[in-house]
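Breakdown of the fold
Here is what each chain is made of, one letter per residue.
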Amino acid sequence: MPETLKIRVLVRPKEGILDPQGEAVRGALPALGFEGVRTVHIGRLIEMEVESADEVDAMCRRLLSNPTIEEYEWEVVS
Amino acid sequence: MRIGVTVFPGSNCDRDALYAIERMGEEPVELWHAEADLKGVDAVIVPGGFSYGDYLRPGAIARFANVMGPLEDFGREGGPILGVCNGFQVLCEAHLLPGALLQNRHMRFVCDRVRVRVETANTPWTAGFEGGEGLTLPVAHNEGNYFAAGETLARLEDEGRVVFRYLDNPNGSVNDIAGVCNEGRNVVGIMPHPERVSDPALGSDEGLKILRSVMVGAGV
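This report concerns the structure included in the present document. Predicted model only: the values in this text are computed from it and were never measured.

Rules behind the numbers
Note that residues are indexed from 1 along each chain, following the sequence as it is written. All chains are assigned letters beginning with A, and all ligands numbers beginning with 1, in the order in which they are written. Residue-level local features of this predicted model are given only where pLDDT is at least 70; pairs of side-chain atoms are given and counted only at 80 or more, and the full residue set underlies all totals for whole chains, interfaces and linings. Note: side-chain values were computed over all heavy atoms of the structure, leaving out hydrogens and water. In this description a helix means any DSSP run of H or I spanning at least four residues, a strand means any run of E spanning at least two, and both kinds are numbered starting from the N terminus. Throughout, exposure labels follow a simple rule: accessible area from a 1.4 Å probe, protein chains only, divided by the maximum for the residue type, with under 20% read as buried, over 50% as exposed, and the rest as partly exposed. Asp and Glu count as negative and Lys and Arg as positive, but His and the ends of the chain are not part of the count. We count a salt bridge whenever a side-chain nitrogen from Lys or Arg sits within 4 Å of a carboxyl oxygen from Asp or Glu. Note on definitions: a residue-residue contact is assigned when non-hydrogen atoms from the two residues lie within 4.5 Å. Two parts placed together each lose some accessible area; with a 1.4 Å probe, that loss summed over both constitutes the buried area. Under the rule applied, a polar contact is a pair of N or O atoms within 3.5 Å (in protein, one hydrogen donor and one hydrogen acceptor; residues adjacent in sequence only if both atoms are side-chain atoms). Amino acid classes used here: Ala, Val, Leu, Ile, Met, Phe, Trp, Tyr, Cys and Pro are nonpolar; Asp, Glu, Lys and Arg are charged; the rest, including Gly, are polar. At least two DSSP bridges between two strands are required for those strands to pair. Only the contacting stretch of a helix is used when fitting its axis, a line to C-alpha atoms as for every element, and angles between N-to-C directions run 0 to 180 degrees. When two rings of Phe, Tyr or Trp (its six-membered ring) have centres within 6.5 Å they constitute a pair, described as stacked for plane angles under 30 degrees, edge-to-face for angles over 60, and tilted for the intermediate range. Throughout this description, the term charge over a ring refers to an Arg CZ or Lys NZ atom that lies within 6 Å of the ring centre and within 35 degrees of the ring normal.

Residue and element names in this part refer to chain B. You can see Asp 14 is positioned in helix α1 (residues 14–23). Buried within the structure, Asp 14 lacks any salt-bridge partner; Arg 15 is the closest side chain of opposite charge, at an N-O distance of 4.6 Å. Setting aside chain neighbours within four positions, we find Asp 14 in contact with Val 5, Thr 6, Val 7 and Pro 47.

It is worth spelling out the interface of chain B and chain A at this point. Each side of the interface is counted separately: chain B has 14 residues, and chain A has 15 residues. Of the roughly 1,300 Å² buried where chain B meets chain A, counting both sides, 68% is carbon and sulfur surface. Viewed at the interface, chain A and chain B are joined by 1 salt bridge. Glu70(A) is the partner of Arg57(B) in a salt bridge, and the nearest nitrogen-oxygen pair spans 3.7 Å. Our count for the contact surface shared by chain B and chain A stands at 4 residue pairs in polar contact (both at pLDDT 80 or more). Here the side of chain B that touches chain A is built from residues that sort into 7 nonpolar, 4 polar and 3 charged.

Glancing now at the side chain of Asn86(B). All names here are of chain B. Along the chain, Asn 86 turns up in helix α3 (residues 86–93). A relative accessible area of 2% places Asn 86 in the buried class. Residues contacting Asn 86, with those up to four places away along its chain left out, are Pro 47, Gly 48, Gly 49, Phe 50, Ser 51, Asp 54, Pro 58 and Gly 59.

A word on the sheet that holds strand β6 (residues 110–118) of chain B. Residue and element names in this part refer to chain B. Strand order across the open sheet formed by 9 strands is β2-β1-β3-β4-β11-β10-β9-β6-β7, with mixed pairing between neighbours. What marks the edges here is a single partner per strand, and that holds for β2 (27–32) and β7 (134–141). Neighbour to neighbour, the strand axes of the sheet diverge by 25 degrees on average, direction disregarded. One ladder, built from 6 bridges, connects strand β1 (residues 2–7) with β2; its direction is parallel. Across the sheet, the residue bridging to Val 7 is Trp 32, located in β2. Lying on the sheet, α3 is in contact with β3 (43–46), β4 (81–84), β10 (177–181) and β11 (187–190); it crosses β4 at an angle near 115 degrees. Across the sheet, helix α4 (residues 150–158) is in contact with β9 (162–166) and β10; its angle to β10 comes to roughly 80 degrees.

The residue Val188(B) is located in strand β11 in this model. Val188(B) sits 49 residues away from Val139(B) along the chain, and the two C-alpha atoms are 17 Å apart.

What follows deals with the packing of aromatic side chains. Residues and elements named next belong to chain B. Enumeration according to the criterion identifies 2 aromatic pairs over all chains in this entry. The interplanar angle of 55 degrees and the centroid separation of 6.4 Å between the aromatic rings of Phe 8 and Tyr 52 together place this pair among those described as tilted. Taken as a pair, Phe 8 in the loop between β1 and α1 and Tyr 52 in the loop between β3 and α2 (68–76) lie far apart in primary sequence, 44 residues in all. Judged by its relative accessible area of 3%, Phe 8 falls in the buried class. By relative accessible area, which is 23% here, Tyr 52 ends up partly exposed. On the numbers, 5.9 Å between centres and 15 degrees between planes, the contact of Phe 88 with Tyr 146 is stacked. Note that Phe 88 is positioned in helix α3 and Tyr 146 in strand β8 (residues 145–147), a separation of 58 residues in sequence. With respect to burial, Phe 88 and Tyr 146 carry one shared label: buried. When the ring centre of Phe 64 is taken as origin, the NZ or CZ atom of Arg 63, which lies over that ring, is 4.4 Å away.

Listed below in structure tokens is the structure:
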């Protein structure tokens, strides 16, 4: 049995890229009485189980993120 | 002339595109996503819709469909390709066109008619224009906010590769861009839907002029 690695990938808009979702949430928080929220950015968390971490970076570059507008980081969770 | 229309699961403007090609008196050819075969067509339209449910990002999964291999070769060899709406998103994900389409700035799906200006006649899909003409075309999208990084954007503008520009920007796209072309000028992406205005019964057939242009380029 090959081992199973749990991988967690975080994809988010690159700095300076318009993030309408984040903006909308930032605008909504004060409406609920939460003050002092300066910025909100929304990304995507992807969890995978893989047999090897060798190709995770390629997966991130080729499919899981769009390098034109997003940046990613990933880690082996267990 | 044989004009292909790719069909992905979730494409919903494929029929409109096939109908528009018929209206021009040309031969429409369906290109099924699972077949790596362009069936010898002379030009390809990648239609709008929600290929693969827009999962992950619009166009991200369609970009790896079997039909895309030969389509990418066709585009790199100078074959005329028009990506409309989701088709534009697919072509950006496939790196046949630069940049990306972000969520609309105002966070709302926009379904409307907009005025655009044809910025250049120097593409197979605008060869029937002189450049500078206005058109009224339908838009229907949630991710139509074109973005390209500074250097890429400057190149697009310098090289006259902004093909269509909004007169009244509906989605926040950078420099009011509604459509661009690749370096070879044969691959064009446009967010509004020319194939949805292909018959006076639909309110207008202004869109046919874009689709017909490809025949001008081919000398038909």
